[in-house]
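# Reading the structure
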Amino acid sequence: MVGATEQKRRIGVYICHCPTTVVDSADVDELREFASRLPSVVVARGCEAGCSERGQNVIKDDIRNLRLDRVVVAGCSPHTHESTFRRACRDAGLNPYLFQIANIGEQCSWAQRNGNGHKPKALLQAAVRRAYHLEPLQSREVPVNPNVLVIGGGIAGIQAALRLADSGHKVYLVEREPSIGGRMMQLDKVFPTLEDSSYILSPKMTAVACHPYIQLMTYSEVVDVAGRVGNFRLKVRRKPHYVDESKCTGCGVCVANCPLKRPSEFDLGLGKRKIIYTSFSQAVPNIPVIDRDRCLYFDRGTCRVCERLCEHRAIDFDQQERIEDIEVGAIIVATGYDLFDPSPMSRYGYKQLGNVLTSLEFERMCSATGPTGGAIRLNDGSAPESVAIIHCVGSRDRNYFDYCSRVCCMYALKYSLLTRERTNADVFQFYIDMHCCGKGSEEFYRHASERGSKFVRGEVAEVTDQAITAEERGKLTVVAEDTLLGRRIRIPVDMVILCPAMTPRRDTEEMARLLGLARGADGFFLERQPKVEPTATSSNGVFVVGCAQGPRDITDTIAQASAAAAEVLAMINGGKVEIEATSAAVDESLCSGCKVCLALCPYDAISFIEDKKACQISDVECKGCGVCVAGCPAGAISANQFTDKQILAEIEGLLADAKPPPLAV
Amino acid sequence: MVQTASREARGPLTQAFFDRIAAVAEGEKLKACIQCGICSGSCPLGFAMQYPPRRLIASLRAGVMEQVLQSNTPWLCVACYTCTARCPSAVGITDMLFPAMREALLMQGVGVPGELQTALENTFRHGNPLGEPPSKRADWIQEVDVPVTDLSADPREVDILWLVECYPAYHVRAKETVKALARTLHALGADFGVLGQEERCVGDSQRLVGENGLFEMLVEENGKTLDRFQFRQIIVTDPHAYNALKNEYPKYGVNYPVQHYTQYLASRLEELRPMLGELNHTITFHDPCYLGRRNGEYEAPRQLIQAIPGVTFVEMERNRENGLCCGGGGGGMWLDSFAYEYAKERLSEKRVREAARTGADVMAVCCPNDLLRFEDAVKVVGLEGKLVVKDIIELIDEARKG
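Each value, and the rule that gives it
Residues numbered from 1 in each chain as written. Chains lettered and ligands numbered in written order. Predicted model: local features only at pLDDT ≥ 70, side-chain atom pairs only at ≥ 80, totals over all residues. Heavy atoms only, no water. Helix = DSSP H or I, 4+ residues; strand = E, 2+ residues; numbered from the N terminus. Buried < 20%, exposed > 50% of the residue type's maximum accessible area, 1.4 Å probe, protein only. Contact = heavy atoms within 4.5 Å. Lys, Arg positive; Asp, Glu negative; His and termini not counted. Charge placed at Lys NZ, Arg CZ, Asp CG, Glu CD. Rg over C-alpha atoms; globule rule 2.2 N^0.38 Å. Areas by Shrake-Rupley, 256 points an atom, 1.4 Å probe, with all protein chains shown as cover. Core = buried A, V, L, I, M, F, W, Y, C linked by side-chain atoms within 4.5 Å. Domains from an automatic or database assignment. Salt bridge = Lys/Arg side-chain N within 4 Å of Asp/Glu carboxyl O. Polar contact = N/O pair within 3.5 Å; in protein donor to acceptor, adjacent residues only side chain to side chain. Pairing = 2+ DSSP bridges. Axes fitted to C-alpha atoms, helices over the stretch in contact; angles between N-to-C directions. Expected span 1.5 Å × (residues − 1). Arc of directions from axis to C-beta. Buried area = accessible area lost by both parts, 1.4 Å probe. Nonpolar A, V, L, I, M, F, W, Y, C, P; charged D, E, K, R; others polar. Phe/Tyr/Trp six-rings, centres within 6.5 Å; stacked < 30°, edge-to-face > 60°. Parallel < 35°, antiparallel > 145°, perpendicular 65-115°, else oblique. Left-handed = near helix turned anticlockwise from the far one by under 90°. Patch = residues over 30% accessible without salt bridge, like charges linked within 9 Å, V, L, I, M, F, W, Y side chains within 5 Å.

With that out of the way, let us pick up the overall build of chain A. Counting secondary structure elements, chain A contains 19 helices and 34 strands. Reported as C-alpha extents along the three principal axes, the dimensions of chain A are approximately 95 × 70 × 55 Å. Looking at chain A as a whole, 53% of its 665 residues qualify as buried. Taking all contacts inside chain A whose residues are at least 6 apart in sequence as the whole, residues at least 24 apart take part in 68%. Each charge sign in chain A was given a centre, from 79 positive and 83 negative side chains, and these centres are 1 Å apart.

Structure (structure tokens):
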């Protein structure tokens, strides 16, 4: 309660309402009436669309005319609206940290249409009491390091890096594989234009390779992240190529003469590569790497053919892994996706029956640079006479992945066209619903239908090689219900192509922890706000684009990568970023020096000062998360904006009019 | 509550069905169906159903159920769980939809096949679907050459309470598996007892066949009986009993640790292994639906078979989660002639042919339904002398002697 001895406050309360959100207009008057009777409140108004210019002006005028020293808005989430109202306060000469939201939007009217009863009042009272104890804080501005890190060298990362570098900013592009190019490089054609994937990607890759502002770090991984928006400090592990990049000319003599082969990762095991290899012929950079685990030299000290034949003496078996430090102001995460391995869905026979392929394997088979030179072939080398394409393998399935993978319908249609063109085979599309929503997609669907794809609406129950008729002998039989005919069917085919779900990368969790990112229920990185902040994340200065955020096609990925580049540019060009004033501080007189907080702090912001025998928090590193405040056994740490006084006042406000529960007898 | 958009007047049958769906906790989820048809494509008897599952759900959503309920569909499901396991929308076809239809039919007394009626009445009167007297439940103990504690006569604390279940206790062929298990448990020095005439049917098939009231009565009776005895865990001979005790009984507060006998023996495999002599057989294994697909236990039975020296183990093409049902589950044991009328072939007959195709001379099973159905099927399809059906415990028992 506000005691008589306490300082007088002048609090303004605004009950926000608009047609579909927050409180019904009938309730506004009641709430306003309630607020006006709370201690220290000098004005309480209903305010239609407080976030509009008109609404903001009402608040600004009151601050000036009524000399308000605290402002409370009962309305939408602080997540989306706090910055708007804080700006209004600042414009009217009030410290923006003297503003408080009562979130009756999300917590009352969104959650329940009727019967909110006492709850909005409780929240409002809590906010007013808390506002009473708010203190003015100074947000800090720090200069932004104009360099940018892009993690992932697929189409998303390439696009973002080029946009940023073209605007004259230094970009570090870190890629785990020996070459950039990513998934798009593995594709044959792209829908709906049927252009060659590598044909449209290669020029961008080359542009990256020779761009003066891009420092390409392939075969490398980010292993540590420190700092915050504007000034990140990172450690990048550079894996040894065992080839000196400064000497290698990419002539390929070493690769041509290497005596051993193993299945190529890039071709998903359908083709072979050497032990010293580049992932594919248009690799960028065009520097080979040695597969240390399988190299004869590393295994038993023999061979050394590559070393002997290299005219440029570029082979360096002594190369060591090294850690490189880089500093950037912003990070774009473009780490892409993994394709679901459908072997657990044993009914489809993947890895058990011959000629059952995943979509990506089929892409490699179709590619002119792939293991068959673009010929669609069965294991015995012959062309298929019939092909079944199974949609939604693991997608839209609560046993595996709930979501739709968005691109499968379209690439399945592409496979129809390619297969019809190259083999004359009958193509059966087993689908649940055709999701062809992008620009030109419906037309593409029609085109593929006219070219004779056979559509069967029904999820496949099983693929089997156990024939029950002569026609099925030696074939793969696809069993399903044709749901439109209401009939169970068995269709013998030569080849089955599965369209597996696009899934989060296996190491998404690790990456999320490293960068402080949140993940959605689907496992992908979560954007800050799906509609209005689709590339920003919960971590300021870190952006997520492309399939790292969820399944999407190349068109959307490129648009999103460019959008994130624009976000970063806006930040860099401002020169400075504002850092939240919220931070924690140690009361040295209470600190016992137990160092519990040191281990708790996720940002390494706390250090122990030996001569004071006390901990100290760097307010540049501190993000105000409050973990140390809760963890300190001596209660020596407090977080401004979340002081005990403020929180207790808020709780008192919440409970002020609550009836005590009946006492247990 | 599933609502209907249709203007079809609801007959008492349809009303009874929708009332039942509304009463089930997960009834709402039936609406999540995306009509992909994997259920109908996967159903081993879907081809014979007038309304295969997908079409059945489409009818349900449209609110037009009268014809569906009066079709052959409700009685053709053998509760093999393939549709439910594969359903991308997690619709409870086996556990909820079919039992609800059957319950409506049973309540209204419409079209209930006579053979089923008899089995249910037997369960109600005698505590077992065979109609055998409870007093004879433990008679097999006289036929076995090792001591078996009948707790109904000699109540004492035991480590393992073995629920023998009905077919194994009474059926002349299935009884052999019980004796073999008794001998093996004895050889392992297990401290076990049976409930003798106090035992009643666990009732999982009665539940799936729609007699929810009967099932609840059995849960209550069995719960009270189990309460009176001291034991550490239950083992069961029948995977259906395993399923009920593991997944259904706890919903009624009857909660005891339970293992199928294969799981128990697999946990003691290192002690069992030295006892096993050589058996020269090529063996294939049929996964019981309610041990495998429903409860995810695929390894324990395989470990036991493969532990026998001299055995060559071969898999059927459809195995584990894709295994074909014997046709006896979900009341299928009591609907055999009904199903045969429409399907013209028993699933068990299909399955023994699949087993024979592997080149195996022994088809191993570990569910009493499987044993009885496959043995019949072997005779029907003329595989006698080529394929022998044996319970895993019989193989273990033989190997132990040999």
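A separate point is the overall build of chain B. The secondary structure content of chain B amounts to 20 helices and nine strands. The C-alpha radius of gyration of chain B comes to 21 Å, within 12% of the 21 Å expected for a compact globule of 402 residues. Oriented by its inertia axes, the alpha-carbon framework of chain B measures out at about 70 × 50 × 35 Å. In chain B, which comprises 402 residues, the proportion classed as buried is 63%. The long-range share in chain B, meaning contacts at least 24 apart out of those at least 6 apart in sequence, stands at 79%. In the form shown here, chain B has an accessible surface area of approximately 14,500 Å², with 47% of it arising from carbon and sulfur atoms. Each charge class in chain B was averaged separately, 44 positive and 53 negative side chains, and the resulting centres sit 5 Å apart.

All names here are of chain B. Formed by 65 residues in total, the largest nonpolar core has its most connected members in Trp-140, Val-148, Trp-162, Ile-234, Leu-265 and Ile-392. Inspection of this core shows a minimum of three residues originating in each of domain 2 (116-265) and domain 3 (267-401). The residues contacting Trp-140, other than those within four sequence positions of it, are Val-148, Trp-162, Val-164, Ala-169, Lys-175, Val-178, Ala-182 and Val-194. One finds Ile-21, Cys-83, Met-101 and Leu-335 within the second-largest nonpolar core, a separate group that totals 62 residues.

Attention shifts here to the domain arrangement of chain B. Residue and element names in this part refer to chain B. Looking at chain B, the domain boundaries give domain 1 (12-112), domain 2 (116-265) and domain 3 (267-401). Relative placement of domain 2 and domain 3: their C-alpha centres are 21 Å apart. The interface of domain 2 with domain 3 comprises 36 residues on the first partner and 39 residues on the second. Taken together, the connections running from domain 2 to domain 3 amount to three salt bridges. Salt-bridge contacts for Arg-183 lead to Asp-397; the nearest nitrogen and oxygen are separated by 2.8 Å. Where domain 2 meets domain 3, there are 19 residue pairs in polar contact (both at pLDDT 80 or more). Of all the secondary-structure elements, those providing two or more residues to the side of domain 2 that touches domain 3 are α8 (114-126), α9 (166-170), α10 (175-187), α11 (204-208), α13 (239-248) and α14 (261-267).

Looking now at the sheet that holds strand β6 (residues 282-285) of chain B. Residue and element names in this part refer to chain B. Taken in spatial order, the four strands make up an open sheet running β7-β6-β8-β9, and their pairing is parallel. Unpaired on one side and paired on the other, β7 (312-314) and β9 (388-391) mark the two borders of the sheet. Looking at each pair of strands side by side, their axes are set apart by 35 degrees on average, direction ignored. Judged from the three bridges that link them, β6 and β7 form a sheet pairing that is parallel.

Before going further, it helps to examine the pattern of salt bridges. Tallying each qualifying case throughout the model produces 82 salt bridges over all chains. Where Asp-196 of chain A meets Lys-189 of chain A, a salt bridge forms, and the shortest distance between an N and an O atom there is 3.2 Å. Between Glu-354 of chain B and Arg-351 of chain B there is a salt bridge, with its nearest N and O atoms 2.7 Å apart. Here the residue Glu-354 of chain B and the residue Arg-351 of chain B both occupy positions in helix α18 (residues 347-357), the gap between them amounting to three residues, near one helical turn. Take Glu-354 of chain B and Arg-351 of chain B: they sit in the same class, and that class is buried. Several salt bridges share partner residues, and in doing so they unite Arg-176, Glu-221, Arg-237, Lys-239, Glu-321 and Asp-507 of chain A into one network.

Residue and element names in this part refer to chain A. For helix α2 (residues 53-65), with 13 residues, the first-to-last C-alpha span of 18 Å sits near the 18 Å given by 1.5 Å per residue. Buried within α2 are the following residues: Gly-55, Gln-56, Ile-59, Lys-60, Asp-62 and Ile-63. Taken end-on, α2 shows its buried residues confined to a sector of 160 degrees, consistent with a single buried face. In α2, those exposed residues whose orientation departs by more than 90 degrees from the buried face are Glu-53, Arg-54 and Asn-65. Of the residues one or two after α2, Arg-67 is the one with positive phi, at around 50 degrees.

By relative accessible area, which is 10% here, Glu-354 of chain B ends up buried. Contacts of Glu-354 of chain B, omitting those with residues within four sequence positions, involve Met-316, Arg-318 and Leu-324 of chain B.

The subject of this paragraph is the interface of chain A and chain B. A common measure of how large an interface is: the accessible area buried when the components associate. Taken together, the 24 residues of chain A in the interface contact 23 residues of chain B. In terms of surface lost to chain B, no three residues of chain A exceed Arg-398, Glu-481 and Arg-488 of chain A, which account for 29% of the buried area on that side. In this assembly, chain A and chain B are joined by two salt bridges. Across the salt bridge formed by Arg-318 of chain B and Glu-462 of chain A, the nearest N and O atoms sit 3.9 Å from each other. For the pair chain A and chain B, the interface holds 16 residue pairs in polar contact (both at pLDDT 80 or more). Elements that contribute at least two residues to the side of chain A that touches chain B include exactly β24 (460-464) and β25 (476-482) of chain A. The leading source of residues in the side of chain A that touches chain B is β24 of chain A, at four residues. Here the side of chain A that touches chain B is composed, by residue class, of seven nonpolar, seven polar and 10 charged.

The next point concerns the packing of aromatic side chains. Residues and elements named next belong to chain B. Here the structure, examined in full by the defined rule, presents 22 aromatic pairs over all chains. With centroids separated by 5.9 Å and ring planes inclined at 75 degrees, the aromatic side chains of Phe-215 and Tyr-249 adopt a geometry described as edge-to-face. With Phe-215 in helix α12 (residues 212-227) and Tyr-249 in the loop between α13 and β5 (258-260), this pair connects stretches of sequence that are 34 residues apart. Residues Phe-215 and Tyr-249 agree in their burial class; the two are buried. When the centroid spacing of 5.2 Å and the interplanar angle of 55 degrees are considered together, the rings of Phe-338 and Tyr-342 count as tilted. Here the residue Phe-338 and the residue Tyr-342 both occupy positions in helix α17 (residues 336-343), the gap between them amounting to four residues, near one helical turn. Of the residues examined, Tyr-342 reaches a relative accessible area of 31% and is grouped as partly exposed.

Once that is clear, we can look at the sheet that holds strand β29 (residues 542-544) of chain A. All names here are of chain A. With parallel pairing, five strands are arranged side by side in an open sheet as β10-β7-β6-β18-β29. Here the strands that pair on one side only, and so sit at the sheet edges, are β10 (214-217) and β29. Taken over all neighbouring pairs, the strand axes of this sheet differ in orientation by 20 degrees on average, direction set aside. Sheet topology note: the strand β6 (residues 148-151)/strand β7 (residues 171-174) ladder contains four bridges and is parallel. When the sheet's bridge partners are listed, Val-150 is paired in β7 with Leu-173.

All names here are of chain B. Here helix α1 (residues 12-23) crosses helix α7 (residues 93-108) at 135 degrees, and the two axes come no closer than 8 Å. Considering the angle they form, α1 stands oblique to α7. The crossing of α1 and α7 is right-handed. Contacts from Pro-12, Leu-13, Ala-16, Phe-17, Arg-20 and Ile-21 of α1 reach α7 at Leu-97, Ala-100, Met-101, Glu-103, Ala-104, Leu-105, Met-107 and Gln-108.

Quick look at a nonpolar patch on the surface now. Residues and elements named next belong to chain A. Taken together, the side chains of Phe-642, Ile-647, Leu-648, Ile-651, Leu-654 and Leu-655 define a hydrophobic patch exposed on the protein surface, amounting to about 530 Å² of accessible area. Along the polypeptide, Phe-642 turns up in the loop between β34 (637-639) and α19 (644-655). Exposure remark for Phe-642: the relative accessible area of 43% places this residue in the partly exposed category.

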